[in-house]
Amino acid sequence: DSGVTQTPKHLITATGQRVTLRCSPRSGDLSVYWYQQSLDQGLQFLIQYYNGEERAKGNILERFSAQQFPDLHSELNLSSLELGDSALYFCASSAQEIAGDNEQFFGPGTRLTVL
Amino acid sequence: AQKVTQAQTEISVVEKEDVTLDCVYETRDTTYYLFWYKQPPSGELVFLIRRNSFDEQNEISGRYSWNFQKSTSSFNFTITASQVVDSAVYFCALSEWGMNTGFQKLVFGTGTRLLVSP
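First things first, this report covers the structure right here in the doc. (Residues numbered from 1 in each chain as written. Chains lettered and ligands numbered in written order. Predicted model: local features only at pLDDT ≥ 70, side-chain atom pairs only at ≥ 80, totals over all residues. Heavy atoms only, no water.)

## Description of the state of the cysteines
- Counted under the stated rule, the structure contains two disulfides over all chains.
- Sulfur-sulfur distance for the disulfide between C23 of chain A and C91 of chain A comes to 1.7 Å. Since a negative S-S torsion denotes a left-handed disulfide, the C23 of chain A-C91 of chain A link at about -50° is left-handed. Remark: C91 of chain A occurs in strand 9 (residues 87-94) and C23 of chain A occurs in strand 3 (residues 19-24); sequence separation between them is 68 residues. Like C23 of chain A, the residue C91 of chain A is buried in the burial classification.
- In this model, C23 of chain B is linked to C92 of chain B through a disulfide, with the two sulfur atoms separated by 2.0 Å. What sets the handedness of the C23 of chain B and C92 of chain B disulfide is the S-S torsion sign, and at about -65° it is left-handed. Placement of the pair is C23 of chain B in the loop between strand 3 (19-21) and strand 4 (24-25) and C92 of chain B in strand 10 (residues 88-97), with a sequence separation of 69 residues.
- Look at C23 of chain B and you get buried, because its relative accessible area is 0%. (Disulfide = S-S within 2.5 Å. Helix = DSSP H or I, 4+ residues; strand = E, 2+ residues; numbered from the N terminus. Buried < 20%, exposed > 50% of the residue type's maximum accessible area, 1.4 Å probe, protein only.)

Structure (structure tokens):
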């Protein structure tokens, strides 16, 4: 158990809908990262927050947004969903601000299926 | 160009065999970090090791060992006396600074699926 929690575990929705994925980092970790894992794109970094502020942005679509709250939990919002958004979404957390400075601990993931 | 290459898509071995998973990376950074993660069938990603670019010493942790060679830009992972529980997808990752963006991110390889049969 990494100490990172993600809800829900599974999510099935229809095209055009909007969903919110939630992540709670390990106790004491200030950085939260979101990743998307799909068969065609592999494991891709989406976005990072550090202590409530957006720190780094990767291959995140404009239809996607995220935020980190004062209690450090984070939410990833996916809107106008398309079939291609079906994937496993991981949240990871770490203590440091810079991605390479320490290991990232991953949550169990949320499997999103868009029908 | 692919930043992290794991050329072995899938490897099958029989229990107790040694197996090496290859990782070749490409970076212009002088300071960088390399990682290995394990993704068992249950799906979560498990951290295995982090190595900085200035430390080329090989590392051993139980049945796991890592060989880092800057000269060949490789960071290979060996499992000695493999066990069925080692069956998983293994990812190599590289920390990379974004061009003119001032941020760093992890770039993952495509993974190697290891199947260990009894």
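## Considerations on the packing of aromatic side chains
Residues and elements named next belong to chain B.
- Overall, the coordinates contain 20 aromatic pairs over all chains when judged by the stated rule.
- On the basis of an interplanar angle of 50° and a centroid distance of 5.3 Å, the ring pair of W36 and F77 is categorised as tilted. Here W36, found in strand 5 (residues 33-39), pairs with F77, found in strand 9 (residues 74-79); they are 41 residues apart in sequence, far enough to count as distant. Here the two residues W36 and F77 agree in accessibility, since each one is buried.
- Aromatic side chains Y64 and F77 sit 5.1 Å apart centroid to centroid with 90° between the ring planes, which places their arrangement in the edge-to-face category. Of this pair, Y64 sits in strand 8 (residues 64-69) while F77 sits in strand 9, and the two are 13 residues apart along the sequence. The pair Y64 / F77 is uniform in exposure class, with both members buried. (Phe/Tyr/Trp six-rings, centres within 6.5 Å; stacked < 30°, edge-to-face > 60°.)

## Considerations on unusual backbone geometry
- A cis amide bond links T7 of chain A to the next residue, P8 of chain A, at an omega of -10°.
- Examined against the element boundaries, P8 of chain A turns out to sit in the loop between strand 1 (5-7) and strand 2 (10-13).
- The residue L72 of chain A is not glycine, and still its phi comes out positive at about 80°.
- Tracing the chain through its elements places L72 of chain A in the loop between strand 7 (64-68) and strand 8 (74-78).
- Of note, K16 of chain B is a non-glycine position whose phi angle comes to about 85°, a positive value.
- For K16 of chain B, the location among the structural elements is in the loop between strand 2 (10-14) and strand 3.
- Assessed through its relative accessible area of 68%, K16 of chain B is described here as exposed.

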